[in-house]
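Each chain, written out:
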Amino acid sequence: MVRIAIFASGNGSNAENIIRYFKNHPSIEVGLVVSNNPHAYVHERAKGLGIDSFTFTKAEFEDGYSVLELLKRYTIDFIVLAGFMLKIPRSLLDAFPDKIVNIHPALLPKHGGKGMYGDRVHRAVIESGETESGITVHYINENYDEGDIIFQATCLLSSDDTYREVAEKVHKLEYEFYPVVIEKVITRSFHLDDETK
Ligand code: GAR
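Predicted, not measured: the structure shown is a model, and the values here were computed from it.

(A) Structural detail: the packing of aromatic side chains. Taken as a whole and assessed by the stated rule, the structure comprises 8 aromatic pairs. Relative to Tyr74, the ring of Phe54 lies with its centre 5.7 Å away and its plane at 70°, an arrangement referred to as edge-to-face. Of this pair, Phe54 sits in strand S3 (residues 53–55) while Tyr74 is found in the loop between helix H4 (65–73) and strand S4 (78–81), placing the two residues 20 residues apart along the sequence. Among the residues examined, Phe54 registers a relative accessible area of 26% and is labelled partly exposed. In this structure Tyr74 comes out as buried when scored by relative accessible area, which is 15%.

(B) Broad picture of the pairing of strand S1 (residues 2–7). Burial within S1 is extensive, with 6 of its 6 residues counted as buried. Judged by which residues are buried, S1 turns out to be covered on both faces: Val2, Ile4 and Ile6 on one side and Arg3, Ala5 and Phe7 on the other are all buried. Pairing between S1 and strand S2 (residues 28–35): 6 bridges, direction parallel. Note that in S2 the partner of Arg3 across the bridge is Glu29. In the classification by handedness, the crossover that spans S1, the intervening helix H1 (residues 13–22) and the parallel S2 is right-handed.

(C) Looking closely at the nonpolar core. Within the largest apolar cluster, 39 residues are counted, with the highest numbers of intra-cluster contacts made by Ile4, Ile6, Ile18, Val80 and Tyr178. Of the residues forming this core, the biggest block, 8 residues, is contributed by helix H7 (residues 163–189). Discounting chain neighbours no more than four positions away, the residues touching Ile6 are Ala15, Ile18, Ile19, Val30, Leu32, Val33, Val34, Val80 and Ala82. Formed by 22 residues, the second largest nonpolar core is a distinct cluster that contains Phe56, Leu68, Ile76 and Leu92.

(D) Structural context of the sheet that holds S2. As summarised here, the arrangement of the 7 strands in space is S3-S2-S1-S4-S5-S6-S7, forming an open sheet in which the pairing is mixed. Whereas interior strands pair on both sides, the edge strands pair on one side only; in this sheet they are S3 and strand S7 (149–156). Sheet twist, expressed as the average angle between the axes of neighbouring strands with direction ignored, equals 20°. Here S4 runs beside strand S5 (residues 100–104); their pairing, made up of 3 bridges, is parallel. Opposite Leu81, over in S5, you have Asn102 as the bridge partner. On the sheet, H1 packs against S1, S2 and S4 and is oriented at approximately 160° with respect to S2.

Criteria and cut-off values
Residues numbered from 1 in each chain as written. Predicted model: local features only at pLDDT ≥ 70, side-chain atom pairs only at ≥ 80, totals over all residues. Heavy atoms only, no water. Phe/Tyr/Trp six-rings, centres within 6.5 Å; stacked < 30°, edge-to-face > 60°. Helix = DSSP H or I, 4+ residues; strand = E, 2+ residues; numbered from the N terminus. Buried < 20%, exposed > 50% of the residue type's maximum accessible area, 1.4 Å probe, protein only. Pairing = 2+ DSSP bridges. Right-handed = clockwise from strand over helix to strand, strands pointing away. Core = buried A, V, L, I, M, F, W, Y, C linked by side-chain atoms within 4.5 Å. Contact = heavy atoms within 4.5 Å. Axes fitted to C-alpha atoms, helices over the stretch in contact; angles between N-to-C directions.

Any functional reading would require information that these geometric values do not contain.
Quick look at the structure:
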């Protein structure tokens, strides 16, 4: 089994969707949810789905070692960021090379970077007069939203779309594609196809 840890800071609707997708999967499972916010709704979702969840402070995340200890204890192989707001420290990048992915709710390289998350991204997209938005799944490196792009999907915007309507269109894409892309990346990265040959 390849075991995933999901890092999430807020609502956790993507986290829930991913947990549900991999329930009963033959070779991939979600083992853990990690957050920087003890009040994040993602903890309730994890609990309801029988997945352990933990909170670390910003300082603990920056240092990375206590997070790493927990990931080892849960034998985690792969990290999925789903609405996670903090930077991933060097210690985690080194321990999980090319094994940390993120989803950004717009078409990178536009509308990314520090402070660009959730509704802020959708507002920026509208303010720029974009006619389309979408999702970007990418690997994580030491800079916000700059790792290699794995997958993008787009949605059309109307000139009168509110940021909530844009968010809804983007969430739809996230729910449809993020679990499938994660599955593909893990299958390739851990050579899961070979096991069935
Ligand atoms: C998602 O739209 C995700 O793409 C975004 O936060 C939202 C979390 O929603 N991530 C970022 O903006 C990262 N820069 P959720 O908590 O309901 O899954």
